[in-house]
Amino acid sequence: MDIALTQRLSFKQAGLTVLVAFILGTALSLVQVGIDYASEDASIDREINALMEISHNPAARIAYNIDAELAQELVLGLLRSPAVISAQIIDNNQLSLASVSRPAMQNRYRVLSDFMFGSRRHFETALFVSHSPTEALGKLSLEVDTYAFGSHFLRRSLLTLLTGFARSLLLSLILLVMFYFMLTKPLTGFIRALSERDLRSPNHNKLPYPHGHERDEIGVLVNVTNRQLASIASEIAQRQDAEERLTRYLAELEDMVSARTEQLEAANSRLLDSNSELEAARRIALDMAQARSAFLANMSHEIRTPLNGLLGMLALSLDGPLNNQQRQQLSIAHDSGEVLVELLNDILDLSKFEAGQLELEHIAFDLGSMIEETANLLSQNAAPGVELTCLIDPLLPNQLLGDPTRIRQIASNLLSNALKFTRHGRVDIRVNAQAGGVRLIVRDTGIGIAEDAQTRIFHPFAQAGVGITRQFGGTGLGLALTRRLCEAMHGRLSLETREGFGSTFSIDLPLPSKGTIVQAPQLRGRILGLSPANSGLSEQLANLLPSWGLQYQQLDADTGLDKIEADLLISDCPQRLSELRALSDLPIMLVSAYGDFLSEEQVQALSPIEQLARPLSRQALLQALRRTLGQAEVHAPEQSSEPQRNRQARVLLVEDNPVNQLVAKGLLGKLGCEVLLANHGAEALKLLETQTVDLILMDCNMPVMDGYETSRRIRQKAEFTALPIVALTANALSDERERCRAAGMTDYLAKPFRKDELAALLDQWLSSVS
Ligand code: ADP
């Protein structure tokens, strides 16, 4: 181990000591020199004064006797003193009796001496004799060269300083050696031993104490180091031990991981195998679903075609001259056929859900009016003791965005159930506007649903109890469909029911508003309601009339009638009307079910009276109010229920099935149209070359040329680009509509169709061409 000499501790310590000793020595030497200087300076004056004192008496006698010879001897004697360079005896008259001098000593160091002591000093003493001390005889003067003293002083000083240096040097050498042996050597030995020690080797001998240092600081250092080394060594040993254990664990872990990996790989490959089996099974299931859809489509075509014929023919026959019994039998047959069509439609819709083929429209429609129409259509199903009411929120926007067909389906499913299972009380269909959509509520006071059946009834073909089919009929498909439709529209269906107390089905549908809230009509007048307090009519009137600006007062059906002050009375209690008429000739509006209208005589007796059918739509009520109150209509004009425009049109019917030809021809004829007939597409194309028509009803599946191809060819001709072509198809699956549209057809009518559906279609397309 090499440490540079200047970096060694002994050197540094010796150097430091020497420096301190040197500074101290020099300071002491300088003090000593200073003292010496002071004493030398004083000794010059002292010695010369002593010389002057010795020479005073002889010099005084010489001056007294005026003896020049002796004077000469005396001054020569004084000049022998090495410091005196000039001596002179002067008498009273200032005349020199004797005077001697010699040159001052020259030397190169005298500048220093002159600086310290001055170059020369002058001494003078007055001469007198002892018996006459006051009488001055002359004076003795000496000139002294200080260098005689200064040279001694300089030599001494030099010696003092040199010995001081020599002492310091010697001392530092001695210290260097001492420190080397006492400090550096044992320390370097210790460091060497320490650096040669390998802490990882199993040799755990202690570091040796340097000789003679067992008890001093170095000994303590070695001791402490040995202790630290021992603890480090034991720690290293522990760590090595832990590392070994860790390595062992790691190896075990690796073994476990590789074993587990093998197991996982095996499981994975099993999973892959079962996945591919599952995939194959899924593919088979999908193929089967596809096949089922195709089968259903075909079957629906096969079933619809004869059904179309059946229902069409029954409808035609019902319009002809029949006796009551025949009419009743035929209407039963017709109604059963319609039930069959609805059943078929439900099954098809369900299978569309399962095949993921259900497509929802997103168009603007008037929900309030649609609900009123649906309720109106279904009102004939209401039992005689049931009051059906439509309660439309006055704040409902007039146009909402959604799928009107599907929402109508939901409303009519819920409402027909409510009417079917209610024998007495009320059935309400209510639409409330709410943030981001609407809430449709169908509430009845019917048989209710047992708790255990409340979830089951939403599954296909499930009913609440075993006796339901026998007692009420039905297939158990309506609610399943309703729930799925609701989910497809991102709505939420909820049910509150108690067996024996009725049911409330609520549906929240997120239907964005497209239009505004219709400006409420403003009327004037005082209206009196005479109806049971808990009736649907009183709720509806209280809901609507104030919002139309009318004053409305409710009279309970059981309270007595005395003073009546109003412009109009609205009631659903015919039994109280004669009593009322006796009191007042106020106009009456009677609301009752279709079958319960008053006879001609009763009307005569109660006049002025107007009868309105239940459920009361907002439009019907408004128009009746305007008529009765004599206030002009400001808003939309009254619509005739069956527009008769453009019915004298020429319609080309392209249909291969003779029964269907007959049905369609009969219905079109009844609607006032002239019908041209083609048995297939090619025939239709030929006919179009010579004849002009206003609309084509096109069957899709025909021999020779099908409806799609025929439509494509018709559209290729410039003169027929705007001619309405309405597809007639028995295939009710969802892609059918798209297929027809792609072929260039304008609209779509599913077979079997009703007369009113055909009429609506003619109205729509014939009015657009006129
Ligand atoms: P369907 O009415 O053809 O039987 P749904 O799916 O419409 O089929 O109804 C399933 C069952 O739910 C019904 O059979 C009936 O038991 C019960 N249900 C539905 N609506 C009502 C209701 N408003 N009141 C009582 N029970 C009802």
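This is a predicted model, so every value here is computed, not measured. (Residues numbered from 1 in each chain as written. Predicted model: local features only at pLDDT ≥ 70, side-chain atom pairs only at ≥ 80, totals over all residues. Heavy atoms only, no water.)

So, the site of the ligand
Working step 1: What surrounds the ligand is a group of 21 residues, the closest being N417, D444, Q463, A464 and L479.
Working step 2: Between K420 and the ligand, the recorded distance is 3.1 Å, taken from a side-chain N or O atom to an oxygen atom.
Working step 3: For the ligand, an oxygen atom lies 3.2 Å from a polar atom in the backbone of G478.
Working step 4: Considered on its own, the ligand offers 530 Å² of accessible surface; in the complex 97% of this is hidden by protein.
Working step 5: Broken down by element, the shell around the ligand gets its largest block of residues, three residues, from helix α8 (residues 404–420).
Working step 6: Grouping the amino acids of the shell around the ligand by side-chain chemistry returns 11 nonpolar, eight polar and two charged. (Near = heavy atom within 4 Å. Polar contact = N/O pair within 3.5 Å; in protein donor to acceptor, adjacent residues only side chain to side chain. Areas by Shrake-Rupley, 256 points an atom, 1.4 Å probe, with all protein chains shown as cover. Helix = DSSP H or I, 4+ residues; strand = E, 2+ residues; numbered from the N terminus. Nonpolar A, V, L, I, M, F, W, Y, C, P; charged D, E, K, R; others polar.)

Quick look at the pattern of salt bridges
For side chains bearing opposite charge, pairing can occur when the charged atoms are close.
Working step 1: Applying the stated criterion across every chain, the model contains 27 salt bridges.
Working step 2: For the salt bridge of R156 with D36, the shortest nitrogen-to-oxygen distance reads 2.7 Å. Residue R156 is found in helix α4 (residues 147–196), and its partner D36 is found in helix α1 (residues 9–65); the two are separated by 120 residues along the sequence.
Working step 3: Given a relative accessible area of 32%, R156 falls into the partly exposed group.
Working step 4: When the shortest N-O distance is used, the salt bridge between E372 and R618 registers 3.0 Å. Here the residue E372 occupies a position in helix α7 (residues 367–378), and R618 occupies one in helix α14 (residues 618–629), the gap between them amounting to 246 residues.
Working step 5: Since its relative accessible area comes to 8%, E372 is described here as buried.
Working step 6: Three or more residues are tied together by salt bridges with common partners; here these are R426, D428, R430, R443 and E539. (Salt bridge = Lys/Arg side-chain N within 4 Å of Asp/Glu carboxyl O. Buried < 20%, exposed > 50% of the residue type's maximum accessible area, 1.4 Å probe, protein only.)

Concerning the confidence of the model for the protein
Working step 1: Overall, the predicted model of the protein reaches an average pLDDT of 85, with 95% of residues at or above 70.
Working step 2: Residue range residues 633–646 is modelled with pLDDT below 50. Its contacts to residues more than four positions away, or to other chains, number 16 contacts. (pLDDT = per-residue confidence, 0-100. Contact = heavy atoms within 4.5 Å.)

Things to note about the sheet that holds strand β9 (residues 437–444)
Working step 1: As summarised here, the arrangement of the five strands in space is β6-β8-β9-β11-β10, forming an open sheet in which the pairing is mixed. Whereas interior strands pair on both sides, the edge strands pair on one side only; in this sheet they are β6 (385–392) and β10 (492–498). Direction aside, neighbouring strands of the sheet carry axes that sit 10 degrees apart on average.
Working step 2: The pairing of β6 with strand β8 (residues 424–434) spans eight bridges and is classified as parallel. Residue pairing in the sheet places E387 in a bridge with R426 of β8.
Working step 3: Here α8 sits on the sheet and contacts β6, β8, β9 and β11 (502–509); the angle it forms with β9, its principal contact strand, is near 20 degrees. (Pairing = 2+ DSSP bridges. Axes fitted to C-alpha atoms, helices over the stretch in contact; angles between N-to-C directions.)

So, the packing of aromatic side chains
Working step 1: Per the counting criterion, the structure on display carries six aromatic pairs.
Working step 2: Judged by centre distance (5.0 Å) and plane angle (40 degrees), the rings of Y37 and F117 are tilted. On the criterion of sequence distance, the pair formed by Y37 in helix α1 and F117 in helix α3 (residues 110–117) is long-range, its members being 80 residues apart.
Working step 3: The buried category is assigned to F117, whose relative accessible area is 5%.
Working step 4: Put simply, the rings of Y37, F117 and F153 pair up and form one aromatic cluster.
Working step 5: One cation-aromatic arrangement involves R739 over Y708; the distance from NZ or CZ to the ring centre is 4.0 Å. (Phe/Tyr/Trp six-rings, centres within 6.5 Å; stacked < 30°, edge-to-face > 60°. Lys NZ or Arg CZ within 6 Å of the ring centre and 35° of its normal.)

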